[in-house]
Amino acid sequence: MTSAMADLIIYADAGGSKTVARGICGANGRQFEVRGGACVPSSGIAEALGSIEGTIAHLIDAAGMTPGRVRIWLALASAGIDDEVSKQSFLTGLAEAVHELRLVGDGEAALMGCVGDRDGAVISVGTGVAAFAKRQGQSTFYDGWGWPYGDRGGGAHIGREAVAAFLEATDFDQVGLDPLHDALVNTIGAGRAAIFVWLASASRKAAAALAPLVAESAAAGSHAAAGVMADAAGHIQRLIHAIRPADGGPVYLTGGAVGLIEPYLQLDTPIEIVPDACLLGARHLAVDWLSNMHRDALRASLKQ
């Protein structure tokens, strides 16, 4: 006898370094969390689809469900969907893997996670940077231009600028004069041959992975690293000034690199840090699916 179809609600935050997803079983409200790969459709549809499809498969396995016998309800907050062509290709690919889909950009999702459907302003500072403001129902986006020219102030930008400083130090035989250089020698290598090998495979994710090291070097007294961090904070400060609410309300900050940037911010605008705001925004999109399933357990679990 063929088993009945099961329902799995998934809400996920897909970014430039990783995907964080939570699944909720329709039968009993049990929750599961998994992490998948980077998802930036504008930088590669195949990789982005592969990350989401792999994440879905991991959640199905974690829930003990049978592949092919699961209806997937996916609420997805994704980086890199400002390009309409990439977005439509991404939607087409996802539609083949899910029963129902809701897709929003990471900036819009982050604001949903902070204020729901109300007006407000948010900056997501992770691998990249996306700012989103809603005033009297009108939406405005800032940055989110992507690697390597945009996303100023994010983790990848910090890593790229640190590597540029390291290359200049290498050119003028100044490696070893600053703690940042020593830290990057251990990561990238010493000498032109080793450095070229690293550069040849350097990606947005690889650059972002250097950001914590840069922040640690700045805290250890590196002038070069402190300069990189101050420059990154300057970009975020300009965004805060551009999107701050007229009523004096806070600008919300979220994302994995916020903690690195915050010590360098010099502000005259109130801010509030909301961890996992993009994931909360994706959850906001998923909540009303519960009424279709009339499951009290699911409703309770989403409010946790």
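Anything mentioned here points back to the structure above.
Here is what the cut-offs are and how they apply
- Here the residue index of a chain counts from 1 through its sequence in written order.
- Only residues with pLDDT of at least 70 get local features here, since the model is predicted, and only at 80 or more are side-chain atom pairs given and counted; chain-wide, interface and lining totals rely on the full set of residues.
- Based on all heavy atoms of the structure, the side-chain values leave hydrogens and waters out of the count.
- Pairing between strands is defined by DSSP: at least two bridges between the two strands are required.
- Where helices and strands are cited, they refer to DSSP runs of H or I of at least four residues and of E of at least two residues respectively, numbered from the N terminus.
- Here an axis means a line fitted to C-alpha atoms, over the contact stretch when the element is a helix, while the angle between two N-to-C directions is reported on a 0 to 180 degree scale.
- Only heavy atoms enter the contact rule, under which two residues are in contact if any of them lie within 4.5 Å.
- Burial classes follow relative accessibility: with a 1.4 Å probe on protein chains only, a residue under 20% of its type's maximum area counts as buried, one over 50% as exposed, and anything between as partly exposed.
- Residues scored as charged are limited to Lys and Arg (positive) and Asp and Glu (negative), so that His and the chain ends carry no count.
- Throughout this description, the term salt bridge denotes a Lys or Arg side-chain nitrogen within 4 Å of a carboxyl oxygen of Asp or Glu.
- Two N or O atoms count as a polar contact when they lie within 3.5 Å, although within protein this holds only if one can serve as hydrogen donor and the other as acceptor, and sequence-adjacent residues are included solely when both atoms are side-chain atoms.
- Throughout, nonpolar core names a set of buried Ala, Val, Leu, Ile, Met, Phe, Trp, Tyr and Cys residues whose side chains join them through atoms within 4.5 Å.
- What a helix should span is 1.5 Å times the count of its residues minus one.
- Any angle from 65 to 115 degrees is called roughly perpendicular, while one under 35 is roughly parallel, one over 145 is roughly antiparallel, and all others are oblique.
- Classification used: nonpolar for Ala, Val, Leu, Ile, Met, Phe, Trp, Tyr, Cys and Pro, charged for Asp, Glu, Lys and Arg, polar for all others including Gly.
- In this description, the arc belongs to the directions extending from the helix axis to the C-beta atoms.
- A clockwise turn of the near helix away from the far one marks a right-handed crossing, whereas an anticlockwise turn of less than a right angle marks a left-handed crossing.

Undergrad: Go over the sheet that holds strand β2 (residues 19-25), please, and point to the residues and values.
TA: The strands making up a sheet associate through backbone hydrogen bonding, with each pair oriented either parallel or antiparallel. Taken together, the five strands give an open sheet; going across it, the order is β3-β2-β1-β4-β5, and neighbouring strands pair in mixed fashion. Taken across any chain shown, the strands that pair with only one partner, and hence form the sheet edges, are β3 (31-36) and β5 (100-105). The mean angle between the axes of side-by-side strands here comes to 15°, regardless of whether they run parallel or antiparallel. Pairing geometry for strand β1 (residues 6-14) and strand β4 (residues 70-78), over nine bridges, is parallel. By the bridge assignment for β4, A14 is matched with S78. Against the sheet, helix α1 (residues 45-62) touches β1, β2, β3 and β4, its axis set at about 145° to β3. Across the face of the sheet, helix α3 (residues 106-115) comes into contact with β4 and β5 while running at roughly 95° to β5.

Undergrad: Requested: an account of the sheet that holds strand β9 (residues 251-254), with residues and values cited.
TA: Pairing is mixed across the open sheet formed by five strands, whose spatial order is β8-β7-β6-β9-β10. Looking along the sheet, the strands with just one partner apiece sit at the ends: β8 (138-143) and β10 (271-273). Across the sheet, the mean angle separating the axes of adjacent strands is 20° when strand polarity is ignored. Examined bridge by bridge, β9 and β10 share three bridges and lie parallel to one another. Its bridge partner being in β10, V251 is matched across the sheet by I271.

Undergrad: For the side chain of K134, give the residues involved together with the corresponding values.
TA: With respect to the secondary-structure elements, K134 resides in strand β7 (residues 129-135). The side chain of K134 sits in the buried core without any salt bridge; D119 is the nearest counter-charge, 5.0 Å away. From its side chain, K134 meets the backbone oxygen of D117 in a polar contact 3.0 Å long. In this structure K134 touches L111, D117, R118, D119, G120 and S139, once residues within four positions along its chain are discounted.

Undergrad: Describe in detail the nonpolar core, supporting the description with residues and values.
TA: Counting residues in hydrophobic clusters, the biggest one holds 37 residues, and the most contacted among them are I123, V125, I158, L184, V214, I236 and I261. Ranked by residue count, the leading element in this core is helix α9 (residues 223-243), at nine residues. Formed by 26 residues, the second largest nonpolar core is a distinct cluster that contains F32, C39, L59 and L74.

Undergrad: Quick rundown of α9? Include the residues and the values.
TA: The first and last C-alpha atoms of α9 sit 30 Å apart over 21 residues, in line with the 30 Å expected at 1.5 Å per residue. Taken together, the buried positions of α9 are A225, V228, M229, A232, A233, G234, H235, I236, L239, I240 and I243. The N-terminus of α9 is capped by S222, whose side-chain oxygen sits 3.4 Å from the backbone nitrogen of A224.

Undergrad: With reference to specific residues and values, describe the packing of α3 against helix α11 (residues 277-286).
TA: The N-to-C vectors of α3 and α11 enclose an angle of 80°; their axes lie 6 Å apart at closest approach. Put simply, α3 runs roughly perpendicular to α11. When α3 is examined against α11, the residues D106, A109, A110, M112, G113 and C114 are found in contact with a partner set consisting of A277, C278, L280, G281, H284 and L285. Taken together, the residues of the contact of α3 with α11 break down into eight nonpolar, three polar and one charged.

Undergrad: Which residues make up helix α2 (residues 84-95), and what are the values?
TA: In this model, α2 (twelve residues) spans 16 Å end to end at C-alpha, consistent with the 16 Å of a helix rising 1.5 Å per residue. Of the residues making up α2, those classed as buried are S86, F90, G93 and L94. Looking down the long axis of α2, one finds its buried residues gathered within 95° of arc, a one-sided arrangement. On its buried face, α2 is in contact with α1, β4 and β5.

Undergrad: Help me get a handle on the environment of R204, residues and values and all.
TA: Here R204 is to be found in helix α7 (residues 204-209). Spatially, the C-alpha atom of R204 lies 16 Å from that of G255, the residues being 51 residues apart in sequence. Setting aside residues up to four positions removed in sequence, R204 forms contacts with G16, V40, T127, G128, G146, W147, D151 and A156.

Undergrad: A description of the side chain of D151 should follow, citing residues and the corresponding values.
TA: Among the secondary structure elements, D151 is positioned in the loop between β8 and α4 (155-171). On the basis of relative accessibility, which here comes to 6%, the residue D151 falls in the buried class. Only 3.3 Å separates the side chain of D151 from the side chain of R204, close enough to count as a polar contact. The contact partners of D151, leaving out residues within four places of it in the chain, are G128, V129, D143, G144, W145, G146, H157 and R204.

Undergrad: Provide a residue-level description of the packing of α1 against α2, including the pertinent values.
TA: The N-to-C vectors of α1 and α2 enclose an angle of 35°; their axes lie 10 Å apart at closest approach. Classified by chirality, the crossing of α2 by α1 is right-handed. Across the interface between the two elements, I45, A48, L49, I52 and E53 of α1 pack against S86, S89, F90, G93 and L94 of α2. Per-class residue counts for the contact of α1 with α2 are six nonpolar, three polar and one charged.

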